[in-house]
Amino acid sequence: QVQLVESGGGLVQAGGSLRLSCIASGRTFSRNIMAWFRQAPGKEREFVAHITWGGGSTSYADSVKGRFTISRDNAKNTVYLQMNSLKPEDTAVYSCAASRFEYTSLVQPSTQYHYWGQGIQVTVSS
């Protein structure tokens, strides 16, 4: 089993920055595809970013491209999401997710991911 725990959320003013961390424990696979999702109140969960096991391939939702950066440190079993130039519409619960797959061409559907963190609140004030 894999457990994922997020940290680093909080309240920040528009234009500010936060860095989210996701620490994996249990039976982990270094080649797992990892991703971040977010869900605002009353809205569906949406894809934010993904990263492959080697870190050589990433993708981002259009809404965060150029502002957010996903990275991973396999030695620390940690995935990061650096969030810059935050906007009020970024307010959501952010969740870390891991896939059993080493490779998939479909990285945005939540059904591609099999392990989930509990989520952490990010609130951006205007």
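Before going into details, it helps to say that this report is about the structure given with it. Predicted model only: the values in this text are computed from it and were never measured.

Thresholds, definitions, all that
Residues numbered from 1 in each chain as written. Predicted model: local features only at pLDDT ≥ 70, side-chain atom pairs only at ≥ 80, totals over all residues. Heavy atoms only, no water. Helix = DSSP H or I, 4+ residues; strand = E, 2+ residues; numbered from the N terminus. Buried < 20%, exposed > 50% of the residue type's maximum accessible area, 1.4 Å probe, protein only. Contact = heavy atoms within 4.5 Å. Polar contact = N/O pair within 3.5 Å; in protein donor to acceptor, adjacent residues only side chain to side chain. Salt bridge = Lys/Arg side-chain N within 4 Å of Asp/Glu carboxyl O.

1. Here we look at the side chain of Thr52
Line of reasoning, step 1. With respect to the helices and strands, the residue Thr52 is situated in the loop between strand 5 (46-51) and strand 6 (58-60).
Line of reasoning, step 2. On the accessibility criterion, Thr52 (17% relative accessible area) is buried.
Line of reasoning, step 3. Leave out the neighbours within four places in its chain, and Thr52 touches Ser57 and Arg72.

2. Structural notes on the environment of Asp90
Line of reasoning, step 1. Relative to the helices and strands, Asp90 resides in the loop between strand 8 (78-83) and strand 9 (92-98).
Line of reasoning, step 2. You can call Asp90 buried: its relative accessible area is 0%.
Line of reasoning, step 3. On a C-alpha basis, the gap between Asp90 and Val122 in space is 7.6 Å, while along the polypeptide they are 32 residues apart.
Line of reasoning, step 4. Excluding its chain neighbours within four sequence positions, the residues that come into contact with Asp90 are Arg38, Arg67, Phe68, Ser85, Val122 and Val124.
Line of reasoning, step 5. Within the structure, Asp90 has its side chain in polar contact with the side chain of Arg67 (distance 2.8 Å).

3. Things to note about the pattern of salt bridges
Line of reasoning, step 1. Summed over all chains, the structure comprises four salt bridges.
Line of reasoning, step 2. A salt bridge links Glu46 to Arg38, with the shortest nitrogen-to-oxygen separation between them at 2.6 Å.
Line of reasoning, step 3. Among the residues examined, Glu46 registers a relative accessible area of 34% and is labelled partly exposed.
Line of reasoning, step 4. Asp90 is the salt-bridge partner of Arg38, the closest N and O atoms lying 2.9 Å from each other.

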